[in-house]
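As a plain string of letters, each chain reads:
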Amino acid sequence: MLLSQCIDLIIILLFLSFVSVSSIESMEQMTIELKEPETDDTKDVYNGFIYLNHSSIIQINLNNSIEELSFIIFQVHSHLYKVTMYRNKFQSDTYEYGTNIGLYSKIAENDVFYIKNMNNDIDLKLYLAIQGYKKQDPVPGGCNMESHVPVSTDLVIQEFSDYLYVDIAPAQNPQEPNCLNPSQVSVKVYLMYMPERNFDADVYFESIKSMMNLPSIEKNGVIVPAMSKMMQMRRIVGLYPGTGMVFVAVAKAGADGYALYVPAQTYGCSPFSNDGCELIKDLLSCVLCALLLFVGLFLCYLRHRFFKIELFTFGFTSGFVLTYIFISYLVVTDRTAVVAASALSGLFFGSMWLMFWWVYGIPIIALLLTSLNLGFLMASLFYYVIPDDLYFREDLNYWLIFALIVLVCAIIMISATFEANILACAILGGYAVIYPIDYYIGSNLKYILINTMRRATVPNFKSATLVLNYQYKDLVLTLLWASLTVTSFAYQYYTNYGRPPFPPPPRGIRARPPSFARLSARDPGTCDERTPLLS
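Residues numbered from 1 in each chain as written. Predicted model: local features only at pLDDT ≥ 70, side-chain atom pairs only at ≥ 80, totals over all residues. Heavy atoms only, no water.

Within an unreviewed UniProt entry, the label attached to the protein chain reads Transmembrane 7 superfamily member 3-like, and the organism entered is Bombyx mandarina.

In structure tokens:
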């Protein structure tokens with residue numbers, strides 16, 4: 001974090017050193033009149049939009065007429081492109097650089113603020129918000145010990161491939177300015193999801209505005225628990241690339257005192273690049289994902305007519321998943337290589353399972369693997385739907401319950417082999433159909449399985465908070481999944497009614513013994529109870 005801040009500072013200093021004065025437009029000025037909040041539930045003394053041209057700077061003066069105001073938090077929000085903000089004079093402890101930034105200021109100091117757009121050829125629309133606080137309110141980030149500014153009101157987001165960190169500077173208790181016991185101020189972090197795969201600037205600003213006052217934060221947001229008792233100022237959240245997330249922290253002290261940190265937003269990816277928000281980036285994974293659509297349709301409607309292909313499919317799936325988890329957990333390597341090795345292992349597992357049926361031909365054993373696959377999906381769905389709980393962050397608790405759900409599904413399905421096999425294929429086939437569609441339209445039902453794979457292969461993922469993100473696209477895919485399940489079950493049940501539930505294995509077909517053939521050829525009229533069975 002300190003390294004990134006040093007890099008930002010170097011970039012700004014280089015810009016100020018090498019850009020000539022003539023290349024920067026004349027400085028604009030504006031004066032903001034601070035007014036009383038419209039309601040008692042808000043702290044806003046000003047909010048509005050401004051437009052800032054490229055390579056330009058604006059000076060903002062404040063005119064305060066609110067007597068009880070003690071300090072303010074001046075916020076600037078920009079969509080995608082970073083801006084620089086500083087107070088009075090640009091130096092290391094007075095500036096912030098980013099897309100969601102804010103500065104603390106005491107009213108008595110009459111600070112002047114400057115906002116600079118250092119992006120070439122890009123004019124920006126900025127949302128400004130000033131929140132005013134009284135003496136009994138805590139100072140957000142007032143007990144900061146890491147950031148370069150004395151009072152750090154920003155949330156710092158560190159993104160990884162599967163999760164992200166949200167770090168908060170401790171708040172200062174107004175009754176204890178020396179920060180000897182910052183734990184007296186409680187800090188809660190809220191999360192709100194933005195519409196899936198929507199990178200529009202207007203949606204971005206509306207999302208930020210909906211997390212700017214306490215009532216709307218409590219209405220729209222979900223509380224994110226601390227990472228651990230020893231790390232109360234850090235949150236870890238599962239990442240859904242392409243789905244925007246807005247975080248905000250609320251500091252409370254005493255009965256009525258509270259203050260808001262500057263909201264922070266991330267898409268979990270880079271919308272600038274074509275594949276920056278795509279989970280599937282290699283050709284092999286794209287091909288397998290596309291084939292999954294046709295495999296799902298086959299399982300839904302043609303499973304019984306091609307029983308051996310069904311056996312091979314579930315053998316391949318089981319081998320692929322187990323190998324992927326095993327390799328990813330033990331070795332850090334290229335994803336394409338892991339997928340290729342898992343596919344080869346899946347071919348081997350599918351062939352061996354088909355060979356097992358060819359040799360033994362036991363329907364219950366053949367159904368067992370299908371039931372275990374369904375149990376795996378149901379256990380993953382269970383953890384995807386239920387609210388996040390600290391109890392499940394322990395590996396023993398998580399995997400014991402996971403295994404229990406898998407075994408219960410398998411036992412229930414084995415009790416009725418024919419109907420259970422059709423139902424399992426209908427559910428699994430329906431999910432296989434919506435899985436590639438989910439990738440294409442950018443919804444989040446694919447994370448039913450992906451989160452389980454992350455839990456098995458990513459060491460720190462067990463500490464991540466997983467908040468159910470169910471939106472309109474997810475509802476449409478859920479209805480499609482349910483429709484495929486119902487129609488395919490009805491179709492296969494009625495088209496195969498009265499037929500043998502399972503075809504005989506090739507090794508089970510034997511030529512009739514000659515004696516049996518001769519016995520069958522006898523005239524029934526010449527046989528009585530004294531006729532020997534063998535002749």
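1. Quick look at the overall build of the protein chain
Stated precisely, the cut-off is as follows: Counting from the N terminus, the helices are DSSP H or I runs at least four residues long and the strands are E runs at least two residues long. In this analysis, two residues are considered to be in contact whenever any of their non-hydrogen atoms come within 4.5 Å of each other. Accessibility throughout is a Shrake-Rupley quantity obtained with a 1.4 Å probe, and a residue counts as covered only by protein chains that appear here.
Helix and strand counts for the protein chain stand at twelve helices and 17 strands. Contacts in the protein chain between residues at least 24 apart in sequence constitute 77% of all its contacts with a sequence separation of at least 6. When the accessible area of the protein chain is evaluated, it comes to approximately 26800 Å², of which 62% is carbon and sulfur surface.

2. Regarding the state of the cysteines
Let me state the cut-off plainly: A pair of cysteine sulfur atoms is labelled a disulfide when the two atoms are within 2.5 Å. Burial here depends on accessible area, computed with a 1.4 Å probe over protein chains only, as a share of the maximum for the residue type. Under 20% is buried, over 50% is exposed, and the range in between is partly exposed.
According to the stated counting rule, one finds one disulfide in the structure shown. Sulfur-sulfur distance for the disulfide between Cys143 and Cys179 comes to 2.0 Å. Disulfide Cys143-Cys179: the torsion about the S-S bond is -90°, which places it as left-handed. Here Cys143 is found in the loop between strand E9 (124-133) and strand E10 (156-159), whereas its partner Cys179 is found in the loop between strand E11 (163-167) and strand E12 (186-196), with 36 residues between them in sequence. Of the residues examined, Cys143 reaches a relative accessible area of 7% and is grouped as buried. Of the cysteine sulfurs around Cys286, a residue in no disulfide, the closest is that of Cys289, at 7.4 Å.

3. Remarks on the sheet that holds strand E14 (residues 234-238)
Selection criterion: Pairing between strands is defined by DSSP: at least two bridges between them are needed. With axes taken as lines fitted to C-alpha atoms, and helix axes fitted only over the stretch in contact, angles between N-to-C directions fall between 0 and 180 degrees.
Spatial ordering of the open sheet is given by E10-E11-E14, a layout of three strands whose pairing is antiparallel. Bordering the open sheet on either side are E10 and E14, each of which pairs with just one other strand. Here the average twist between neighbouring strands, direction ignored, is 20°.

4. Some words on the sheet that holds strand E8 (residues 113-117)
Ordered by their spatial adjacency, five strands build an open sheet running E1-E3-E8-E5-E6, and the pairing between neighbours is mixed. One side of each edge strand has no neighbouring strand; the edge strands of this open sheet are strand E1 (28-34) and strand E6 (95-98). Strand after strand, the sheet turns through a mean of 20° between neighbouring axes, direction not considered.

5. Side note on the packing of helix H5 (residues 307-330) against helix H10 (residues 447-457)
Our working definition: In these notes the angle categories are as follows: under 35 degrees is roughly parallel, over 145 is roughly antiparallel, 65 to 115 is roughly perpendicular, and the rest is oblique. Helix crossings are classified by the rotation of the near helix relative to the far one: an anticlockwise turn of less than a right angle makes the crossing left-handed, while a clockwise turn makes it right-handed. Ten residues, namely Ala, Val, Leu, Ile, Met, Phe, Trp, Tyr, Cys and Pro, are considered nonpolar, four, namely Asp, Glu, Lys and Arg, are considered charged, and the remaining ones, Gly among them, are considered polar.
Axis separation between H5 and H10 bottoms out at 9 Å; the angle between their running directions is 40°. In terms of orientation, H5 lies oblique with respect to H10. Judged by the twist between their axes, the crossing of H5 over H10 is right-handed. Every residue of H10 that contacts H5 at Val321, Tyr324, Ile325, Ser328 and Tyr329 is listed here: Met453, Ala456 and Thr457. When grouped by side-chain class, the residues that make up the contact of H5 with H10 number six nonpolar, two polar and no charged.

6. Some words on H5
Where we set the bar: A helix is expected to span 1.5 Å for every residue after the first.
Its 24 residues give H5 an end-to-end C-alpha distance of 35 Å, which sits within 8% of 34 Å, the value for a rise of 1.5 Å per residue. Of all the residues in H5, the buried ones are Phe307, Glu310, Leu311, Thr313, Phe314, Gly315, Ser318, Gly319, Thr323, Tyr324, Ile325 and Ser328. For H5, the elements touching its buried residues are helix H4 (283-301), helix H6 (335-359), helix H7 (363-385), helix H9 (417-441) and H10.

7. Details of the packing of H6 against H7
A pair of packed helices is characterised by two quantities: the angle between their axes and the separation of those axes. Axis separation between H6 and H7 bottoms out at 9 Å; the angle between their running directions is 160°. Taken together, H6 and H7 sit at an angle that is classed as roughly antiparallel. Handedness of the H6/H7 crossing: left-handed. Mapping the contact onto sequence places Trp353, Phe356 and Trp357 in H6 and Pro363, Ile365, Ala366 and Leu369 in H7. Of the residues in the contact of H6 with H7, the class split is seven nonpolar, no polar and no charged.

8. Some thoughts on the environment of Lys281
Tracing the backbone shows Lys281 in the loop between strand E17 (264-266) and H4. For Lys281, a relative accessible area of 53% translates into the label exposed. Between the C-alpha atoms of Lys281 and Thr336, which are 55 residues apart in sequence, the distance is 9.1 Å.

9. Remarks on a nonpolar patch on the surface
Put simply, the rule is: Only residues whose relative accessible area exceeds 30% and that form no salt bridge enter a patch; like-charged residues are grouped when within 9 Å of one another, and nonpolar side chains (Val, Leu, Ile, Met, Phe, Trp, Tyr) when within 5 Å. For this analysis, a salt bridge means a side-chain nitrogen from Lys or Arg found within 4 Å of a carboxyl oxygen belonging to Asp or Glu.
Where nonpolar side chains cluster on the molecular surface, the patch consists of Met355, Phe356, Trp358, Val359, Tyr360, Ile362 and Ile364 and spans about 640 Å² of accessible area. Position of Tyr360 among the secondary structure elements: in the loop between H6 and H7. In this structure Tyr360 comes out as exposed when scored by relative accessible area, which is 53%.

10. Notes on the packing of aromatic side chains
Stated formally: Two aromatic rings, drawn from Phe, Tyr or Trp (for Trp, its six-membered ring), form a pair once their centres lie within 6.5 Å of each other, and the interplanar angle then sorts them: stacked below 30 degrees, edge-to-face above 60, tilted otherwise. Placement of a positive charge over a ring is assigned whenever Lys NZ or Arg CZ falls within 6 Å of the ring centre and within 35 degrees of the normal to the ring plane.
Counted by the stated rule, this structure contains 38 aromatic pairs. An angle of 15° between the planes, with centres 6.3 Å apart, marks the rings of Phe320 and Tyr324 as stacked. In this pair, Phe320 and Tyr324 are both assigned in helix H5, four residues apart and thus about one turn of the helix distant. Chaining the aromatic ring pairs together yields one cluster made of Phe376, Phe382, Tyr383, Tyr391, Phe392, Tyr398, Trp399 and Phe402. When the ring centre of Tyr439 is taken as reference, the NZ or CZ atom of Lys446 above it lies at 5.2 Å.

11. Focus on the pairing of E9
Of all ten residues in E9, nine are buried, a share of seventy percent or more. In this sheet, E9 lies alongside strand E2 (residues 44-52) in antiparallel orientation, the contact comprising eight bridges. Residue Tyr51 lies in a different strand from E9, and its bridge partner there is Lys125.

12. Considerations on helix H2 (residues 201-209)
The criterion, for reference: As used here, the arc is the angular range of directions from the helix axis to the C-beta atoms. Whenever a nitrogen or oxygen atom comes within 3.5 Å of another N or O atom, the pair is scored as a polar contact, on the condition that within protein one atom can donate a hydrogen and the other can accept it, and that pairs from neighbouring residues in sequence are kept only if both atoms are in side chains.
Looking at H2, one finds that the buried residues are Tyr204, Phe205, Ser207 and Ile208. Burial along H2 is one-sided: seen end-on, the buried residues are contained in an arc of 160°. Put simply, Asp200 is the residue that caps the front of H2, since its side-chain oxygen is 3.0 Å from the backbone nitrogen of Asp202.

13. Let's talk about unusual backbone geometry
The phi torsion at Leu80 lies on the positive side, around 75°, for a residue other than glycine. Tracing the backbone shows Leu80 in the loop between strand E4 (71-78) and strand E5 (83-87). Among the residues examined, Leu80 registers a relative accessible area of 29% and is labelled partly exposed. Even without a glycine there, the phi angle at Arg197 is positive, about 55°.

14. Thoughts on the pattern of salt bridges
On inspection of all chains with the given rule, the structure shows eleven salt bridges. We note a salt bridge from Asp202 to Lys125, for which the minimum N-O separation is 3.8 Å. Of this pair, Asp202 sits in helix H2 while Lys125 sits in strand E9; the two residues are 77 residues apart in sequence, bridging distant segments of the chain. Residue class for Lys125 comes out partly exposed when judged on its relative accessible area of 26%. Among the ionic contacts, a cluster of salt bridges with common partners joins Asp395, Arg455 and Lys462.

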